[in-house]
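Now for the letters of each chain:
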Amino acid sequence: MTQGEFKEEAQRLRPQLMLMARRYLGDEDAEDVVQDALLRLWQMVGELRQPFDALALRLTRNLCIDMVRQRKPTVMLTESSEAGEADNDERIERMMAVISTLPTLQQTILRLRHLEGMEMNEIADLIGSSEVAIRKALSRARQTVRQIYLKQYEQHP
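Now for a quick tour of the structure.

Criteria and thresholds
Residues numbered from 1 in each chain as written. Predicted model: local features only at pLDDT ≥ 70, side-chain atom pairs only at ≥ 80, totals over all residues. Heavy atoms only, no water. Helix = DSSP H or I, 4+ residues; strand = E, 2+ residues; numbered from the N terminus. Buried < 20%, exposed > 50% of the residue type's maximum accessible area, 1.4 Å probe, protein only. Contact = heavy atoms within 4.5 Å. Polar contact = N/O pair within 3.5 Å; in protein donor to acceptor, adjacent residues only side chain to side chain. Arc of directions from axis to C-beta. Salt bridge = Lys/Arg side-chain N within 4 Å of Asp/Glu carboxyl O. Core = buried A, V, L, I, M, F, W, Y, C linked by side-chain atoms within 4.5 Å.

1. Topic: the side chain of glutamine 106
Of note, glutamine 106 is situated in helix α5 (residues 104-115). Residue classification places glutamine 106 among the buried positions, given a relative accessible area of 17%.

Shown next as structure tokens:
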């Protein structure tokens, strides 16, 4: 594919790529993702064939998903303005009490994942274990917390 053909295809595809990126990310990051996708396609210009719509859409989608995953979720637990939130505070305290009964490794993994918002690979690097082992330990910890919580608090309010 020539540079001129690439430019024509990129101009034709850009609105469609922007629409997809906005659906995933909103207006603020969509432009960056589309530019990154087009840059990556430009680096493959010698290997591309027209039309490359499917490749461009897939690449943009994957970059959007990567960006969404990198965002760290934040929840403010300190503000309680409604009566229902007092119940939530109580549940959180109960949950933290249950978590504190777990073995140290499971406590650490749960806290790093859910309170600190760390990714699995980051936790694995920090602990010095494989990502698969971290996922399994997290799964077991969640299951144990669920069982203990239901046994102590849901059946006996």
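2. With respect to the environment of glutamate 31
Inspection of the secondary structure puts glutamate 31 in helix α2 (residues 27-43). Note: C-alpha distance between glutamate 31 and methionine 18 (13 residues apart in sequence) is 6.8 Å. Dropping the residues within four chain positions of it, glutamate 31 is found in contact with Arg14 and Met18. Of the polar contacts made by the side chain of glutamate 31, one reaches the side chain of arginine 14; its length is 2.2 Å.

3. Quick look at the side chain of aspartate 29
Within the fold, aspartate 29 resides in helix α2. Ignoring anything within four residues of it in the chain, the contact list for aspartate 29 reads Met67 and Arg71.

4. Thoughts on helix α6 (residues 120-127)
Those residues of α6 not exposed but buried are Met120, Ile123 and Ala124. Each buried residue of α6 sits inside an arc of 100° when the element is viewed along its axis, so together they form one side. More than 90 degrees from the buried face of α6, the exposed residues found are Asp125 and Leu126. Phi turns positive, to about 85°, at glycine 128, one or two residues after α6.

5. A word on the pattern of salt bridges
The full count for this structure, using the stated rule, is 7 salt bridges. A salt bridge links arginine 94 to glutamate 90; its shortest N-O distance comes to 3.0 Å. Placement of the pair is arginine 94 and glutamate 90 together in helix α4 (residues 83-99), with a separation of 4 residues, close to one helical turn. Arginine 94 sits in the partly exposed class, given a relative accessible area of 23%. In this structure, arginine 113 engages glutamate 119 in a salt bridge whose closest nitrogen and oxygen atoms are separated by 4.0 Å. In this structure glutamate 119 comes out as partly exposed when scored by relative accessible area, which is 28%. Residues participating in the shared-partner salt-bridge network are Glu9, Arg12 and Asp53.

6. Observations concerning the nonpolar core
In terms of nonpolar packing, the biggest core is built from 20 residues, with Phe6, Leu17, Val34, Leu38, Leu41, Phe52 and Ala56 touching the most fellow members. At the level of secondary structure, the elements contributing two or more residues to this core comprise α1 (3-25), α2 and α3 (53-70). The biggest single contributor to this core is α1, with 7 residues. What leucine 41 contacts, discounting residues up to four positions off in sequence, is Phe6, Leu48, Phe52, Leu55, Ala56 and Leu59.

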